[in-house]
Amino acid sequence: MRLLVVGGGGREHALCWALRRENPDAALYCAPGNPGTAEIADNLPIAADDLDRLADAVDMHGIDLTVVGSEVPLARGLADRLRAEGRAVFGPSAAAAQLEASKAFAKQVTAAAGVRTAASRTFTDLSDALKYVDSQPEPLVVKASGLAAGKGALVCDTRRDAAKAVRAMLEAGQFGDAGRTVVIEAYLEGEEISVMAVTDGRDVELLPVAQDHKRLLEGDSGPNTGGMGAYSPVALASPALLEKVKLDILLPTLEEMQRIGAPFSGVLYAGLMVDRSGVAWVVEFNCRLGDPEAQVILPLISEGLTESLWRVARGERPSRINARRAAAVTTVLASRGYPDAPEKGASITLPDTLPEGVTVFHAGTSRGPDGALQVGGGRVLTVTAVNQSFAEAQRLSRETAEAIAYEGKIFRRDIGWRAVNRGGT
Ligand code: AMP
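Caption draft 1: Examining the overall build of the chain more closely. Along the backbone of the chain there are 13 helices and 25 strands. Relative to its length of 425 residues, the chain is compact, with a C-alpha radius of gyration of 20 Å against a globular reference of 22 Å. For the C-alpha atoms alone, the extent of the chain along its principal axes is close to 60 × 45 × 45 Å. Taking as baseline every contact in the chain between residues at least 6 positions apart, the subset at least 24 positions apart corresponds to 67%. Here the chain displays about 17,100 Å² of accessible surface, and carbon together with sulfur accounts for 48% of that area. Within the chain, the 54 negative side-chain charges are centred at a point lying 3 Å from the centre of the 46 positive side-chain charges.

Caption draft 2: Spatial organisation of the pattern of salt bridges. The full count for this structure, using the stated rule, is 33 salt bridges. Note that Arg 167 is salt-bridged to Glu 171, the shortest N-O span being 3.5 Å. The residue Glu 191 makes a salt bridge to Arg 418 at a minimum N-O spacing of 3.9 Å. Of this pair, Glu 191 sits in strand S10 (residues 191–199) while Arg 418 sits in helix H13 (residues 417–421), placing them 227 residues apart in sequence. On the accessibility criterion, Arg 418 (22% relative accessible area) is partly exposed. In this structure, a network of salt bridges that share partners links the residues Arg 11, Glu 12, Glu 71, Glu 100 and Arg 288.

Caption draft 3: Inspection of the environment of Pro 351 at higher detail. With respect to the helices and strands, Pro 351 occurs in the loop between strand S20 (327–335) and strand S21 (358–362). Assessed through its relative accessible area of 24%, Pro 351 is described here as partly exposed. Sequence separation between Pro 351 and Arg 413 is 62 residues, and the spatial gap between their C-alpha atoms is 18 Å.

Caption draft 4: Structural view of the site of the ligand. The environment of the ligand is made up of 16 residues, and the closest members are Glu 185, Leu 188, Glu 192, Lys 214 and Glu 284. Lys 103 is positioned such that a nitrogen or oxygen atom in its side chain is 3.1 Å from an oxygen atom of the ligand. Between a nitrogen atom of the ligand and a main-chain N or O atom of Ala 186, the distance comes to 2.9 Å. Of all the elements in the fold, those that place two or more residues in the shell around the ligand are strand S7 (140–144), strand S8 (153–156), strand S9 (182–186) and strand S17 (280–286). In terms of residue class, the shell around the ligand is made up of nine nonpolar, one polar and six charged.

Caption draft 5: Fine view of the pairing of strand S1 (residues 2–7). Of all six residues in S1, five are buried; the element is thus mostly enclosed. Examined bridge by bridge, S1 and strand S2 (residues 27–32) share six bridges and lie parallel to one another. Counted as the bridge partner of Leu 4 is Tyr 29 from S2. Handedness of the crossover joining S1 and S2 through helix H1 (residues 10–22) is recorded here as right-handed. Pairing of S1 with strand S4 (residues 65–68), which is carried by four bridges, proceeds in the parallel orientation.

Quick notes on the rules
- Residues numbered from 1 in each chain as written.
- Predicted model: local features only at pLDDT ≥ 70, side-chain atom pairs only at ≥ 80, totals over all residues.
- Heavy atoms only, no water.
- Helix = DSSP H or I, 4+ residues; strand = E, 2+ residues; numbered from the N terminus.
- Rg over C-alpha atoms; globule rule 2.2 N^0.38 Å.
- Contact = heavy atoms within 4.5 Å.
- Areas by Shrake-Rupley, 256 points an atom, 1.4 Å probe, with all protein chains shown as cover.
- Lys, Arg positive; Asp, Glu negative; His and termini not counted.
- Charge placed at Lys NZ, Arg CZ, Asp CG, Glu CD.
- Salt bridge = Lys/Arg side-chain N within 4 Å of Asp/Glu carboxyl O.
- Buried < 20%, exposed > 50% of the residue type's maximum accessible area, 1.4 Å probe, protein only.
- Near = heavy atom within 4 Å.
- Polar contact = N/O pair within 3.5 Å; in protein donor to acceptor, adjacent residues only side chain to side chain.
- Nonpolar A, V, L, I, M, F, W, Y, C, P; charged D, E, K, R; others polar.
- Pairing = 2+ DSSP bridges.
- Right-handed = clockwise from strand over helix to strand, strands pointing away.

This is the structure we're talking about:
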């Protein structure tokens with residue numbers, strides 16, 4: 001088996017790690033990868049959105065299965081391109097990836113499918129948008145419709161802030177083209193969970209549920225980021241709730257995608273807000289695994305990942321993916337200045353040995369001219385600990401994060417605090 005993972009972040013390192021674990025003898029490539037993937041796969045120096053060179057590499061290396069980790073190449077049509085060339089690829093078409101790449105499109109789909117989500121309106125015209133803001137109760141959420149690396153949603157306590165956010169996007173060009181269309185929606189109260197399913201467009205195979213910490217600072221405060229840590233399982237996601245999510249959200253969404261001629265295959269990620277009465281509302285859809293959720297979900301899978309991805313890539317229904325009954329906690333180590341202007345270039349010292357069950361996934365790291373490991377991006381590393389005990393997984397993740405050294409290291413020490421409050425052991 002010859003496998004290619006497309007992307008170069010922590011999620012793709014975790015994907016390589018999980019595929020390598022199930023396929024010790026496979027030829028495994030990662031494009032572009034990072035210094036972490038280089039240890040378990042052959043990195044190909046090709047950007048994740050360079051469709052021509054990726055298609056050439058798939059040919060040249062005789063890749064049997066390409067797994068696309070990140071949303072940008074999907075939205076640009078990498079899966080369509082490879083499929084047109086007769087290759088097996090796991091990930092949705094560009095048309096289906098619109099579910100993530102256009103929040104305006106996602107809102108149309110949820111409306112047509114009768115899926116519960118925040119009331120919203122979509123605007124390209126500044127004065128119309130401002131008028132709408134004026135007419136709505138506070139708080140409001142203003143979102144760039146396009147891809148903005150998880151940073152395009154601004155929760156605004158007041159109409160004034162919302163108007164400012166609208167101006168920033170539609171007038172000042174914040175988020176570039178991604179912010180030329182804005183979705184303004186009602187604020188949903190509750191607790192968020194990330195439900196991900198492997199799907200061929202009809203059937204769904206649920207992955208372990210994760211909770212992500214999107215805010216920069218402890219206690220879930222500060223600005224939104226791509227994610228500062230995650231944990232799984234989440235007690236709130238009871239079997240009954242998940243059954244409802246499947247029946248009321250995932251399946252109707254997939255049906256609607258079929259109906260409009262954009263069948264979705266790959267990982268359907270539903271970011272959900274669970275309200276006080278236990279009802280789930282869609283906050284967003286993604287068309288791939290979450291990052292950092294992948295770094296807790298994949299280490300919990302005990303068998304069946306490759307087989308299921310392989311089947312879906314060939315248009316068959318997903319097979320069973322089994323997960324261990326254990327807890328996983330991942331802590332993201334970022335660089336001072338993240339998310340706006342992270343510092344880069346500091347050298348990184350990793351511990352010589354890691355405790356059992358602990359894995360360090362690379363995200364924004366690079367190698368300097370002398371081969372030394374350096375900070376190369378905003379989110380630098382993610383430290384995942386898997387343990388029977390939630391508290392122990394949390395402690396191991398945090399203590400390993402503490403033991404990693406570089407100038408400007410920032411991380412949250414409270415990943416999983418909700419599980420602790422709920423009495424997780
Ligand atoms: P999104 O990019 O749509 O996933 O939004 C990023 C984050 O903003 C979400 O994970 C939530 O924490 C927050 N958010 C987005 N939409 C809403 C909403 N309607 N109500 C409350 N919080 C939201």
